[in-house]
2 protein chains.
Amino acid sequence: MFELILKNVSKHIKLDDHESAYFTSLLKHKTLKKRQLLLRANEVARYETFVVKGLLRAYTVDKSGYEHVVMFAMEDWWVSDLYSFLTQTPGSQNIDALEETEVLQIEKQDLERLYIEVPRFDRFFRILLQNAFIANQQRIIASISQTAEEQYLAFIKKYPSLEQRVPQHQVASYLGITPETISRIRRSMATVGS
Amino acid sequence: MFELILKNVSKHIKLDDHESAYFTSLLKHKTLKKRQLLLRANEVARYETFVVKGLLRAYTVDKSGYEHVVMFAMEDWWVSDLYSFLTQTPGSQNIDALEETEVLQIEKQDLERLYIEVPRFDRFFRILLQNAFIANQQRIIASISQTAEEQYLAFIKKYPSLEQRVPQHQVASYLGITPETISRIRRSMATVGS
C-alpha cells in the first residue's frame, strides 16, 4: 500500500526504515467510488492527499452553477485545496473521483509534526510547493499567450494518459475552452493524419 | 548590514553562529538609485533578493506598453521573479527601485548549496513559498470577489506605510483599478471623515 508514496518521496529525499515507518504511520487510507466527493467547497481542507490509484478532479462552481476544473490528479500525484489546507480556512474547491480511487492522506497537524520529527520533509514539501508554483504560473502564461489549439495540443502531449481517461468536456473546462473547439481541433487532426 | 536579514530568518528557524556566518558569506550586497532596474524582463532571475532598506516594484509591460505592478517590496521583504528564478528561464517581470534601495541577494546555485549545508533553510524557504502562494491566492480571490473600493481599503489597511510611499497611480496599477477610482474613493473617505 505504501510502495508508491515512498517511491514518490524518494525522488527528492532519502529516508531510513525508521523514518519511513514513522511517515507511513501518519497516513490515512481511503477509497472513493466514482463521483464520490473527497472535499466540498466551503469546508476546510484538513488533508494533503496522495493518489495511489484512480483519478481525482478539483473544481470550483461559479455563481451561475458552472463547473471550472482546477486540476486533475492521477496515480503518483499530490492534490489538495492548497490555500485552504495551508490557512485552515474554508476553501473554494470541490474534489471528486472520476474513477474508483484510492488515496493516502496526511492531516495538517500530523504534517507539522512530521516536519519536526523528520526535517527532511521540509525539503520534500519545499520542492512540491516550488513545482506547484511553477505549474500554476505556466498555466496562467499559457492561458494568456496560447491559442485554444496550442493549449489542447500541449495538454495531450504533456498528459497523454489523462486525455484517454478524462471526458472531453472536462478537459475543455480545465483549458477554459469549449468542447466544440476540442471537437473541431480533433477533426482537423484526424484530417491531417488521414 | 546583516542584522535585518538574520532577524527575518530567525522568525522561522534558529541558526548557530557558524551557520549564520556561512549564510551571510553567500549574500551579495547591492545599492540601487531611484528608478534603477534590478531585473529586466526576458532576463533570467539569477537572484532571490531581500530588501534591507528602500522600496522595490516588480512589474510587467503588456503589448500596448502599459505597466502592470505585480508587487511592491519594502524593508524586510523578499522579492524575485520567482518563476524565472526557480526554472532559470527568462522571466516576464521587471524589478526597479521606487526609492534609493539597498538589497542582499543570494544566487540560485548558492541557495542550492545552502540547502545542502544548512538543511533548516529548506524549512525557511518552504514557509516563504507557502506565504507567497497564500498571498497570490488571496490577491486573485480579492480581484474576483471585491469591489475596487473594498480592494483599496484592504490595501491601505494591510500596508499603511506603502500607501504613504507609493505614488497613487502605481497603487492603482497594483490593484488593477484606475487612478480616478482611487481619487473618488479618497474624496468620499474625506467627506465621511469631515
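A quick note: this is a predicted structure, and the numbers were derived from the prediction, not measured. (Residues numbered from 1 in each chain as written. Chains lettered and ligands numbered in written order. Predicted model: local features only at pLDDT ≥ 70, side-chain atom pairs only at ≥ 80, totals over all residues. Heavy atoms only, no water.)

**Q** Describe the relation of the copies chain B and chain A, and please don't skip the residues or the numbers.
**A** When chain B is fitted to chain A, the best match, at an RMSD of 0.0 Å, comes from turning it 180° and sliding it 0.0 Å along the axis. Classification of the inter-copy transformation places it as that of a two-fold axis. Proximity to the rotation axis, assessed at the C-alpha, singles out Arg126(B) in chain B; its C-alpha lies 2.2 Å from the axis. Interface overlap between copies: 100% of the residues of chain B at the interface are likewise at the interface in chain A, consistent with a symmetric, same-surface contact. (Least-squares fit on C-alpha atoms with pLDDT ≥ 70 in both. Contact = heavy atoms within 4.5 Å.)

**Q** Can you lay out the pairing of strand S7 (residues 94–97) of chain A for me, pointing to particular residues and giving the numbers?
**A** All names here are of chain A. Side chains of S7 alternate between two faces, with Asn94 and Asp96 and Ile95 and Ala97 buried alike. Across four bridges, the pairing between strand S4 (residues 55–61) and S7 is antiparallel. Bridge pairing in S7 places Tyr59 opposite Asn94. (Buried < 20%, exposed > 50% of the residue type's maximum accessible area, 1.4 Å probe, protein only. Helix = DSSP H or I, 4+ residues; strand = E, 2+ residues; numbered from the N terminus. Pairing = 2+ DSSP bridges.)

**Q** Lay out the side chain of Asn8(A) in plain terms, naming residues and giving numbers.
**A** Residues and elements named next belong to chain A. Mapping Asn8 onto the fold places it in helix H1 (residues 3–10). Side-chain polar atoms of Asn8 contact the side chain of Asp76, separated by 3.1 Å. Setting aside its immediate chain neighbours within four residues, Asn8 contacts Phe50, Asp76, Trp78 and Phe124. (Polar contact = N/O pair within 3.5 Å; in protein donor to acceptor, adjacent residues only side chain to side chain.)

**Q** So, the sheet that holds strand S5 (residues 67–74) of chain A: which residues are in play, and what are the values?
**A** All names here are of chain A. Ordered by their spatial adjacency, four strands build an open sheet running S2-S7-S4-S5, and the pairing between neighbours is antiparallel. The sheet terminates laterally at strand S2 (37–39) and S5, the two strands that pair on one side only. When strand polarity is set aside, the average angle formed by the axes of neighbouring strands in this sheet is 30°. (Axes fitted to C-alpha atoms, helices over the stretch in contact; angles between N-to-C directions.)

**Q** Mind laying out the packing of aromatic side chains, listing which residues take part and the relevant values?
**A** Given two aromatic rings, their pairing is described by the distance between the two centres and the angle made by the two planes. All told, the structure shown has 25 aromatic pairs over all chains when counted by the stated rule. Among the aromatic residues, ring-to-ring pairing joins Phe23(A), Phe50(A), Trp78(A), Tyr115(A), Phe121(A), Phe124(A) and Phe125(A) into one connected group. The ring of Tyr115(B) carries Arg126(A) above its face, with NZ or CZ at 3.4 Å from the centroid. (Phe/Tyr/Trp six-rings, centres within 6.5 Å; stacked < 30°, edge-to-face > 60°. Lys NZ or Arg CZ within 6 Å of the ring centre and 35° of its normal.)

**Q** So what about the nonpolar core? Which residues, and what values?
**A** The nonpolar side chains of soluble globular proteins are, as a tendency, buried together. Leu56(A), Phe121(A), Leu56(B) and Phe121(B) are the most contacted members of the largest nonpolar core, which totals 75 residues. For this core, the leading source of residues is helix H5 (residues 120–145) of chain B, giving seven residues. Phe121(A) has contacts with Val9(A), Ile13(A), Leu15(A), Phe23(A), Leu114(A) and Tyr115(A), leaving out every residue within four places of it along the chain. (Core = buried A, V, L, I, M, F, W, Y, C linked by side-chain atoms within 4.5 Å.)

**Q** Describe unusual backbone geometry, listing the residues and the values that go with them.
**A** Residue Asn42(A) is not a glycine yet carries a positive backbone phi of 80°. Relative to the helices and strands, Asn42(A) resides in the loop between S2 and strand S3 (47–53). Given the relative accessible area of 63%, Asn42(A) is considered exposed. In this structure, Arg35(B) is a non-glycine residue whose phi angle is positive, near 80°. Mapped onto the elements, Arg35(B) comes out in the loop between strand S1 (28–32) and strand S2 (37–39).

**Q** Go over the interface of chain B and chain A with me, naming the residues and quoting the values.
**A** Where interface size is given, it is often the accessible area lost as the parts come together that is meant. Each partner contributes residues to the interface: chain B has 18 residues there, and chain A has 18 residues. Here chain B and chain A share an interface that buries about 2100 Å² over both sides, 66% of which is from carbon and sulfur atoms. Of all residues in chain B, Tyr83(B), Arg126(B) and Phe133(B) bury the most surface against chain A, accounting for 32% of the area lost on that side. For the pair chain B and chain A, the interface holds four salt bridges. The partner of Arg126(A) in a salt bridge is Asp122(B), and the shortest N-O contact between them spans 2.7 Å. Sorting the residues of the side of chain B that touches chain A by element identifies helix H3 (82–87), helix H4 (108–117) and H5 of chain B as the ones contributing at least two each. Residue composition of the side of chain B that touches chain A, grouped by class: ten nonpolar, five polar and three charged. (Buried area = accessible area lost by both parts, 1.4 Å probe. Salt bridge = Lys/Arg side-chain N within 4 Å of Asp/Glu carboxyl O. Nonpolar A, V, L, I, M, F, W, Y, C, P; charged D, E, K, R; others polar.)

**Q** Explain the pairing of strand S7 (residues 94–97) of chain B residue by residue, including any values.
**A** Here S2(B) runs beside S7(B); their pairing, made up of two bridges, is antiparallel. Considered in S7(B), the bridge of Leu39(B) is made with Ile95(B).

**Q** Lay out the environment of Val51(B) with the relevant residues and their values.
**A** All names here are of chain B. Relative to the elements of secondary structure, Val51 occurs in strand S3 (residues 47–53). Along the chain, Val51 and Thr101 lie 50 residues apart, while their C-alpha atoms are 7.5 Å from each other. Val51 has contacts with Leu4, Leu56, Ala73, Met74, Glu75, Asp76, Trp77, Val79, Thr101, Glu102 and Val103, leaving out every residue within four places of it along the chain.

**Q** Lay out the sheet that holds strand S5 (residues 67–74) of chain B with the relevant residues and their values.
**A** Residue and element names in this part refer to chain B. Spatially, S2-S7-S4-S5 is the arrangement adopted by the four strands of the open sheet, whose pairing is antiparallel. Whereas interior strands pair on both sides, the edge strands pair on one side only; in this sheet they are S2 and S5. Taking the axes of each pair of neighbouring strands and ignoring which way they run, one obtains an average angle of 30° across the sheet. Across seven bridges, the pairing between strand S4 (residues 55–61) and S5 is antiparallel. Paired with Tyr59 across the bridge in S5 is Val69.

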